[in-house]
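Observations on chain architecture
Below, each chain spelled out in residue letters.
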Amino acid sequence: MRLRLIVTGGGTGGHVFPALELALLAREAGAEIFYFGSRRGQEVAASNRAAVPFVGFPSAPLWSLKTPRGWKGLAGLMRSRLMAGPALKRGKPDVVFSTGGYSSAPIVSAAQALGIPVVMHEQNSVPGRSNLMFAKRSKFVATTFFSAEKHLEGCTVVRTGLPIRRELRTLADGPHGRELLPLIFVFGGSQGAQAINEAALGAATRMYGRALHWIHVAGKANFESVFATYEKLGLSGSYEVKSYLDAEEMGRCYARAAVAVTRGGAGTLSELAAFRLPAVAIPLPIAHANHQLHNVREFVERAAATLLVQSELHPVSLERELNEWLEDEERRERAAEAMAAWDTPNAAAEIWELIQRAAKA
């Protein structure tokens with residue numbers, strides 16, 4: 001009999017894209033899949049692109065209840081919870097798979113109330129609020145970071161790693177081009193990061209004239225200001241500024257780079273590990289429970305990354321950290337070995353196995 005799976009998680013890409021990777025694998029294995037999520041999140045467009053049937057709910061982030069925005073978010077979550085039960089009864093899933101985020105909470109709550117098995121995936125080293133609420137009543141909690149398990153007492157935890165986009169995994173398994181001119185790959189996530197943008201431009205100015213190449217993904221919102229500064233500084237020839245890169249372009253940069261400058265999100269670190277690329281990692285200081293800092297520390301403990309907190313980020317400190325990676329090939333090789341040991345090429349398949357086990361339980 002064909003397994004029926006409902007996938008949920010969102011509304012940011014960090015929750016959506018791993019959920020979709022699992023959904024696509026499940027569909028290829030013969031499962032019938034649906035994506036339940038917020039109508040305002042990234043899951044709407046992503047599901048449409050992947051031709052995954054989507055059911056939308058009015059869920060919104062739960063901001064502070066001291067503001068009208070917070071009360072509006074709470075109302076949206078409550079309406080979504082009332083809608084989720086009937087929607088699940090109509091869908092009759094064998095399992096619900098959740099990657100967390102605000103849009104997952106109403107779906108998971110309703111599923112557990114109806115006795116539908118739930119498998120969760122926690123991307124970060126410190127679990128998010130939605131996952132913590134429902135983890136103990138889930139059949140399995142899959143994790144990306146080893147350190148997440150200490151926050152999940154009483155749960156059946158399986159470290160599977162994070163499913164990354166298959167285009168990237170294919171490129172990661174192919175040839176790399178690091179024998180060429182050393183490339184420094186700078187990016188701050190899908191939205192960019194102003195602090196990283198400014199420090200990278202300053203460090204490149206200090207390092208100008210050296211045999212280096214830079215690719216700097218500034219983010220769409222910051223591209224014009226970064227490009228204007230780049231032109232003013234005269235960083236031509238060896239420095240490229242981009243607003244955005246698609247998966248294939250990202251993969252080519254990962255494969256060529258000697259070192260990255262980036263944030264500490266779970267997806268970013270998992271992709272770095274797949275490509276065996278060390279990084280100077282600057283965690284987002286306002287991330288929930290400072291989880292990016294803890295994510296990066298797991299890499300630092302394995303000598304696979306350098307931690308540079310944002311309060312200490314400036315052109316001089318970034319230049320110093322970059323030089324330490326660029327001038328020590330053995331250190332880069334040890335980092336690559338550590339990331340190979342941490343990497344999980346079959347993450348989606350391992351999670352799919354847990355979902356099948358939950359369906360049979």
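As shown above, the structure is provided for reference.
Residues numbered from 1 in each chain as written. Predicted model: local features only at pLDDT ≥ 70, side-chain atom pairs only at ≥ 80, totals over all residues. Heavy atoms only, no water.

**With respect to the sheet that holds strand β5 (residues 118-122)**
Here is the rule: Pairing between two strands is assigned when DSSP locates at least 2 bridges connecting them. Working definition: helices are DSSP H or I runs of at least four residues, strands are E runs of at least two. Numbering for both runs from the N terminus. Note on definitions: angles span 0 to 180 degrees between N-to-C directions of axes, and those axes are lines fitted to C-alpha atoms, for helices only across the stretch in contact.
Strand order in this open sheet of 7 strands is β3-β2-β1-β4-β5-β6-β7, and the pairing throughout is parallel. The sheet is open, and its two edges are formed by β3 (54-57) and β7 (157-159), each paired on a single side. Sheet twist, expressed as the average angle between the axes of neighbouring strands with direction ignored, equals 20°. By the bridge criterion, 3 bridges tie strand β6 (residues 140-143) to β7 in an arrangement that is parallel. Across the sheet, residue T143 finds its bridge partner in β7, namely R159.

**Quick word on the packing of helix α7 (residues 194-206) against helix α12 (residues 315-326)**
The cut-off we apply is this: Roughly parallel means an angle under 35 degrees; roughly antiparallel, over 145; roughly perpendicular, 65 to 115; everything else is oblique. Handedness of a helix crossing follows the sense of rotation of the near helix relative to the far helix, less than a right angle counterclockwise being left-handed and clockwise being right-handed. Contact criterion: two residues are considered in contact whenever any of their non-hydrogen atoms come within 4.5 Å of each other. Each residue receives one of three labels: charged for Asp, Glu, Lys and Arg, nonpolar for Ala, Val, Leu, Ile, Met, Phe, Trp, Tyr, Cys and Pro, and polar for the others, Gly being one of them.
Relative orientation of the contacting elements α7 and α12 amounts to 65°, with a least axis distance of 8 Å. If you check the angle between α7 and α12, you find them roughly perpendicular. α12 is crossed by α7, and the crossing has right-handed handedness. Residues A199, A200, G202, A203 and R206 of α7 form the contact with α12, whose own contacting residues are P315, V316, L318 and E319. In the contact of α7 with α12, the residues fall into 6 nonpolar, 1 polar and 2 charged.

**With respect to the nonpolar core**
The test is simple: Side-chain atoms within 4.5 Å are what join buried Ala, Val, Leu, Ile, Met, Phe, Trp, Tyr and Cys residues into a set we call a nonpolar core. The buried label goes to any residue with under 20% of its type's maximum accessible area, the exposed label to any with over 50%, and the partly exposed label to all in between, with areas taken from a 1.4 Å probe on protein chains only.
Within the largest apolar cluster, 63 residues are counted, with the highest numbers of intra-cluster contacts made by I184, F185 and W214. The residues contacting I184, other than those within four sequence positions of it, are M207, L212, H213, W214, I215, V259, V261, L322 and L326. In terms of nonpolar packing, the next biggest core, distinct from the first, is built from 26 residues, L24, A26, A50 and W352 among them.

**Details of helix α11 (residues 291-301)**
Residues of α11 that are buried include every one of H291, Q292, L293, N295, V296, E298 and F299, and no others. As for α11, its buried residues are in contact with α10 (266-275), β12 (279-281), β13 (305-307) and α13 (329-342).

**Describing the sheet that holds β13**
In spatial order, the strands read β10-β9-β8-β11-β12-β13; together these 6 strands make up an open sheet with parallel pairing. Of all the strands in the sheet, just β10 (239-242) and β13 have a single pairing partner and so form its edges. The sheet shows a mean angle of 15° between the axes of neighbouring strands, direction not considered. Of the strand pairs in this sheet, strand β8 (residues 183-187) and strand β9 (residues 213-217) are connected by 5 bridges, and their pairing is parallel. When the sheet's bridge partners are listed, F187 is paired in β9 with V217. Packed on one face of the sheet, α7 meets β8, β9, β10 and β11 (259-262) and runs near 165° to β9. Its contacts with the sheet place helix α9 (residues 247-256) against β8 and β9, and it is angled at close to 135° to β8.

**Details of the packing of aromatic side chains**
Convention followed: Two aromatic rings from Phe, Tyr or Trp, using only the six-membered ring of Trp, form a pair when their centres are within 6.5 Å; if the ring planes differ by under 30 degrees the pair is stacked, by over 60 it is edge-to-face, and anything between is tilted.
Evaluation of the coordinates by the stated rule reveals 12 aromatic pairs. When the ring of F185 is compared with that of F187, the centres are 4.7 Å apart and the planes differ by 35°; the resulting orientation is tilted. Classification of F187 by relative accessible area gives buried; the value is 5%. Plain terms: the ring middles of F185 and Y254 are 5.7 Å apart, the flat faces sit at 80° to each other, and that makes the pair edge-to-face. You can see F185 sitting in strand β8 and its partner Y254 sitting in helix α9, a full 69 residues away along the chain.

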